[in-house]
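So you can see what is in the structure, the chains are spelled out below.
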Amino acid sequence: MSMINYASREINCKIVYYGPGLGGKTTNLEYIYNKVAPTTRGKLISLATETERTLFFDFLPVDLGTIRGFKTRFHLYTVPGQVYYNASRKLILKGVDGVVFVADSQVERLDANIESMHNLYENLAEYGYDLRQIPFVIQYNKRDLPNVSPVEELERHLNPDRVPSYEGVATKGIGVFDTLKAVAKLVIKSLG
Amino acid sequence: MTAGGAPSWSFGPSDSQRIEEILNNLLYESNARCALLVDRTGQLVTTVGEQPSFDSAAFASLTAADFSANDQLASLIGEEEFSSLFHQGRTESMYLADVGKRLILVVLFNQQTTLGLVRIKIKDAVAGLNKAFEEVFGRGEDEESPALERGFVDEAEDEIDRLFRE
């Protein structure tokens, strides 16, 4: 639910990073936080447990600057990936404008990816949203690990609609900006 | 926004003026310092009174999370909702109230006033805001929302390329 404020001339768009636990959602945000110019981003807020597992969400506002008179911002959120935090996950999806699914490419995490993707569809459906109508991209993360599934196999299981997908190594920043750029542009197009 | 996605909403200068009037009146009558209006998705709509020195984007997102978490707690104990929340600090306190299930009114206040007075005055303000936002959400998207200028998308895309690069 992008909010366009014609009085203060601001546009805010919400992008949510979704996916199974320990897949690299927070790492994506941390990389973005460290790489974009400090003047263009706000604080990275993390509601995490003592062991740095996301408990509720991470939040990072990034300022695109003033475009045609409108101050344009992206609000990036992650959800907690662990299965039992579904209530929190659903809350964060409220009003989402674009979704990034961060899949864990390791063979043994395939089922967790599939389960999380189903959960994403279900949670969006509860708000009356249809993922096929929302700007959506997928990142196949952890491509540097030895035990990864081939991308074709991941595509077959996770990407039947062939939305844009990117290979990533979020710890090294590989694919992080490609993914973000893709979803950000789709969100902007949906406004225009 | 396309069908099936989240609906957009927007408001124009006349809505804004009306809303700020209600909030300014609330601050005047309650002697509170600052009022912020945040939508349930975590976006700041407006601020009146003393301009906060904190990161208001972070504040807005945490406010929405706070309210959402409390909604869930309410339903767990069999309540439909907690329509207001109060957080007491040593010198600064905040009172949060639901506005039409779409927005949250947050009032920051200190010892210059009392919780009781703030609570009473917020009730009036919430009634006024409910009425104002019924109109905002009730009308078609285009009435006070002229289309974004031609060229907005291209320019934004260029800016995205410039900002998100190694």
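Criteria and thresholds
Residues numbered from 1 in each chain as written. Chains lettered and ligands numbered in written order. Predicted model: local features only at pLDDT ≥ 70, side-chain atom pairs only at ≥ 80, totals over all residues. Helix = DSSP H or I, 4+ residues; strand = E, 2+ residues; numbered from the N terminus. Buried ≥ 20, exposed ≤ 12 C-beta atoms within 10 Å, placed from the backbone. Contact = placed C-beta atoms within 7 Å. Rg over C-alpha atoms; globule rule 2.2 N^0.38 Å. Nonpolar A, V, L, I, M, F, W, Y, C, P; charged D, E, K, R; others polar. Core = buried A, V, L, I, M, F, W, Y, C linked by C-beta atoms within 7 Å. pLDDT = per-residue confidence, 0-100. Pairing = 2+ DSSP bridges. Expected span 1.5 Å × (residues − 1). Arc of directions from axis to C-beta. Axes fitted to C-alpha atoms, helices over the stretch in contact; angles between N-to-C directions.

## Overview of the overall build of chain B
Scanning chain B for helices and strands turns up four helices and six strands. The proportion of buried residues among the 166 residues of chain B is 34%. Pairs at least 24 residues apart make up 53% of the contacts formed inside chain B by residues separated by at least 6 positions.

## Overview of the overall build of chain A
Regarding its fold elements, chain A presents five helices and eight strands. In chain A, the succession of helices and strands from N to C terminus is β-β-α-β-β-β-α-β-α-β-α-β-α. Taking 16 Å as the expected radius of gyration for a compact globule of 192 residues, we find that chain A reaches 16 Å, a close match to that expectation. When its C-alpha atoms are laid out on the principal axes, chain A stretches across 50 × 35 × 30 Å. The burial tally for chain A puts 53% of its 192 residues in the buried class. A separation threshold of at least 6 residues defines the contact pool for chain A, and within that pool the share at least 24 residues apart is 69%.

## Section: the environment of D71(B)
Tracing the backbone through its elements, the reader meets D71(B) in helix α2 (residues 56-76). On the basis of neighbour count, D71(B) is assigned to the buried category, with 20 C-beta atoms found within 10 Å.

## Here's the deal with the interface of chain A and chain B
On the chain B side, the residues contacting the 44 residues of chain A number 46 residues. Elements represented by at least two residues in the side of chain A that touches chain B include exactly β1 (3-5), β2 (10-18), β4 (54-67), β5 (70-78), α2 (86-93) and α5 (176-191) of chain A. Per element, the largest residue contribution to the side of chain A that touches chain B is nine residues, and it comes from α5(A). Class assignment for the residues of the side of chain A that touches chain B results in 23 nonpolar, twelve polar and nine charged.

## Focus on the nonpolar core
V16(A), V38(B), L105(B), V106(B) and V107(B) are the most contacted members of the largest nonpolar core, which totals 95 residues. It is α5(A) that contributes the most residues to this core, eight residues altogether. Not counting residues up to four positions away in its chain, the partners in contact with V107(B) are A32(B), A35(B), M94(B), Y95(B), V118(B) and I122(B).

## Topic: the confidence of the model for chain B
Considering every residue of chain B, the mean pLDDT works out to 88; 90% of them sit at 70 or more. Here the prediction assigns the complex a pTM of 0.87, and the interface score ipTM is 0.88.

## Focus on the pairing of β4(A)
Every other side chain in a regular strand lies on the same face of the sheet, so the side chains alternate between the two faces. Residues and elements named next belong to chain A. Most of β4 sits out of view: ten of its 14 residues are buried. Taken together, the three bridges between strand β3 (residues 45-48) and β4 define a ladder with antiparallel strand orientation. Bridging across to β4, S46 finds its partner in D58. Counting the residues in the hairpin turn of β3 and β4 gives five residues, including E52, whose phi is positive at 65 degrees.

## Considering helix α1 (residues 13-30) of chain B
Residue and element names in this part refer to chain B. Helix length check: α1, at 18 residues, gives a terminal C-alpha distance of 25 Å against a target of 26 Å (1.5 Å per residue), a fit within 8%. Listing the buried residues of α1 in full gives D15, I19, I22, L23, L26, L27 and S30. Buried residues of α1 fall within an arc of 135 degrees about the axis and therefore sit on the same side. Among the exposed residues of α1, those oriented more than 90 degrees off its buried face are P13, S14, Q17 and Y28.

## Describing the pairing of β5(A)
Residue and element names in this part refer to chain A. With eight of its nine residues buried, β5 lies for the most part within the structure. With eight bridges connecting them, β2 and β5 associate as parallel partners. Counterpart to Y17 in the pairing with β5 is T78. Examined bridge by bridge, β4 and β5 share nine bridges and lie antiparallel to one another. Its bridge partner lying in β5, L60 is registered against L76. Linking β4 to β5, which pair antiparallel, is a turn of two residues; within it R68 sits at a positive phi near 45 degrees.

## Overview of the sheet that holds strand β4 (residues 84-87) of chain B
All names here are of chain B. Here five strands make up an open sheet; going across it, the order is β3-β2-β6-β5-β4 and the pairing antiparallel. Looking at the sheet topology across the chains shown, the edges are occupied by β3 (44-49) and β4. Neighbour to neighbour, the strand axes of the sheet diverge by 15 degrees on average, direction disregarded. In this structure, strand β2 (residues 34-39) lies alongside β3, joined through five bridges in antiparallel fashion. Along β3, the bridge assignment pairs V38 with L44. Relative to β3, α1 is tilted by about 45 degrees, and along the sheet it contacts β2 and β3. Most of the contacts of helix α3 (residues 115-138) go to strand β5 (residues 93-99), to which it runs at about 30 degrees, and overall it touches β4, β5 and β6 (103-109).

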